[in-house]
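Inside the fold
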Amino acid sequence: MGIFALIKEDFSNAYKNDPALNSKLDFLFNYPGIWAMAWYRVAHKLHCANFKRLARILMGISQILTNIDIHPAAQIGRRVFIDHGTGVVIGETTIIEDDVLIYQGVTLGGVSLTLGKRHPTIRSGVVVGAGAKVLGNIEIGKDAKIGANSVVVKNVPSCSTAIGIPAHVIEKGRCKDPFMHNMLPDINKEMFEYLLKRVAILEHILVKDNQELLDQDLALENIYDSFIKSMKS
């Protein structure tokens, strides 16, 4: 496809991915991700034609206007939508396939100063949540989902969900609707619930076998309650 056909497709794709889009006028003021992609299409063409300095200047202007940093050498496929877009960074050797959805604050960055492939490969259909950092020459498999604010430093299999710092794959397969972020499990909550239940079991065992410990615990509770009351008075 030609540059203008790709840009037109990017604009049309916004209607599919954002139900808040009500008119073409919204594009002008409220969709920096669309404009950043349009600038990228032109800059990437210039970069491939060996006008690399001009391409970098063009993307520098785009960064000032949109607050989105895309290296013109990055390889970005069709119908890639950057929603809201503020703070998105896409590195030089990044590869993004078709139909990828990227939210604000996402970094597709490198962890090495050596030349060569040092940025991630994002396969088709991936959703990268707001604030997520995908770092290094790793691969995010087709239709995978990256939870918001996750830090991904290892490969993520296709059709799976990864969340956390560092990110762990916690679910094989995912809901068909990429917008249902409420379907992501809260692993911190689950871990705290486990720890609380574990502590309760251990306390029960200790109290059952040692009444003296129970008396000491009750005495400490009384001291704590008295301290809290004195602080409030």
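Predicted, not measured: the structure shown is a model, and the values here were computed from it.

Topic: the overall build of the protein
On a plain count of helices and strands, the protein comes out with six helices and 15 strands. The 233 residues of the protein split such that 37% are buried. Summarising the internal contacts of the protein: among those between residues at least 6 apart in sequence, 34% fall at separations of at least 24. With the model as given, the accessible surface of the protein reaches about 14000 Å², and the carbon-plus-sulfur share is 60%.

Some words on the packing of helix H1 (residues 3–17) against helix H3 (residues 32–48)
Packed helix pairs are characterised by how far apart their axes lie and by the angle those axes make with each other. Packing of H1 against H3 leaves a shortest axis separation of 10 Å and a crossing angle of 165°. Compared by their axis directions, H1 and H3 come out roughly antiparallel. Note that H1 runs across H3; the crossing there is right-handed. Facing Ile3, Leu6, Ile7, Asp10, Phe11 and Ala14 of H1, the residues of H3 in contact are Ile34, Trp35, Met37, Ala38, Arg41, Val42 and Lys45. Partitioned by chemical class, the residues of the contact of H1 with H3 number 10 nonpolar, no polar and three charged.

As for a nonpolar patch on the surface
Side chains of Phe51, Leu54, Ile57, Ile61, Ile64 and Leu65 sit close together on the surface and give an oily, nonpolar patch of about 640 Å² of accessible area. Looking at the element boundaries, Ile64 is found in helix H4 (residues 52–66).

Things to note about the sheet that holds strand S2 (residues 75–76)
By definition, the strands of a sheet pair up through backbone hydrogen bonds, in either a parallel or an antiparallel sense. Strand order in the open sheet formed by four strands is S2-S5-S8-S11, with parallel pairing between adjacent strands. The open sheet terminates on both sides in strands that have one partner only, identified here as S2 and strand S11 (139–140). Where S2 meets strand S5 (residues 95–96), two bridges bridge the pair, whose relative direction is parallel. Pairing of Ile76 across the sheet is with Ile96, part of S5.

Quick look at the pattern of salt bridges
Per the stated rule, a full pass over the model turns up seven salt bridges. When the shortest N-O distance is used, the salt bridge between Glu92 and Arg118 registers 2.7 Å. Taken together, the residues span a long stretch of sequence, with Glu92 in the loop between strand S4 (89–90) and S5 and Arg118 in the loop between strand S7 (107–109) and strand S8 (121–122) at a distance of 26 residues. For Glu139, the salt bridge identified is with Arg123, shortest N-O distance 3.2 Å. Residue Glu139 is found in strand S11, and its partner Arg123 is found in the loop between S8 and strand S9 (127–128); the two are separated by 16 residues along the sequence. Using a relative accessible area of 27% as the deciding quantity, one classes Arg123 as partly exposed. The network of salt bridges with shared partners includes Glu9, Arg78, Arg79 and Asp99.

Some points on the pairing of strand S14 (residues 160–163)
On S14, burial covers both faces: Ser160 and Ala162 on one face and Thr161 and Ile163 on the other are all buried. Summarising the sheet, strand S12 (residues 145–146) and S14 pair through two bridges and their orientation is parallel. If you follow Ile146 over to S14, its bridge partner there is Ala162.

Observations concerning unusual backbone geometry
Ile165 connects to Pro166 through a cis peptide bond whose omega is -10°. Positive phi is not limited to glycine here, since Asn67 has a value of about 60°. For Asn67, the location among the structural elements is in the loop between H4 and strand S1 (69–70). A relative accessible area of 43% places Asn67 in the partly exposed class. In this structure, Asp143 is a non-glycine residue whose phi angle is positive, near 65°.

Some points on H4
Counted at 1.5 Å a residue, the expected span for H4 with its 15 residues is 21 Å, and the 21 Å between its end C-alpha atoms agrees. Turning to H4, its buried residues number three or more, namely Ala55, Leu58, Met59, Ser62 and Thr66. Projected down its long axis, H4 shows its buried positions confined to an angular sector of 95°, all on one face. Those residues of H4 that are exposed and angled more than 90 degrees off the buried face are Arg53 and Ile64. Here the buried face of H4 lies against H3 and S1. Of the residues trailing H4, Asn67 is marked for its positive phi of about 60°.

Criteria and thresholds
- Residues numbered from 1 in each chain as written.
- Predicted model: local features only at pLDDT ≥ 70, side-chain atom pairs only at ≥ 80, totals over all residues.
- Heavy atoms only, no water.
- Helix = DSSP H or I, 4+ residues; strand = E, 2+ residues; numbered from the N terminus.
- Buried < 20%, exposed > 50% of the residue type's maximum accessible area, 1.4 Å probe, protein only.
- Contact = heavy atoms within 4.5 Å.
- Areas by Shrake-Rupley, 256 points an atom, 1.4 Å probe, with all protein chains shown as cover.
- Axes fitted to C-alpha atoms, helices over the stretch in contact; angles between N-to-C directions.
- Parallel < 35°, antiparallel > 145°, perpendicular 65-115°, else oblique.
- Left-handed = near helix turned anticlockwise from the far one by under 90°.
- Nonpolar A, V, L, I, M, F, W, Y, C, P; charged D, E, K, R; others polar.
- Patch = residues over 30% accessible without salt bridge, like charges linked within 9 Å, V, L, I, M, F, W, Y side chains within 5 Å.
- Salt bridge = Lys/Arg side-chain N within 4 Å of Asp/Glu carboxyl O.
- Pairing = 2+ DSSP bridges.
- Expected span 1.5 Å × (residues − 1).
- Arc of directions from axis to C-beta.

Fair warning: the whole summary comes from geometry, so function is off the table for now.
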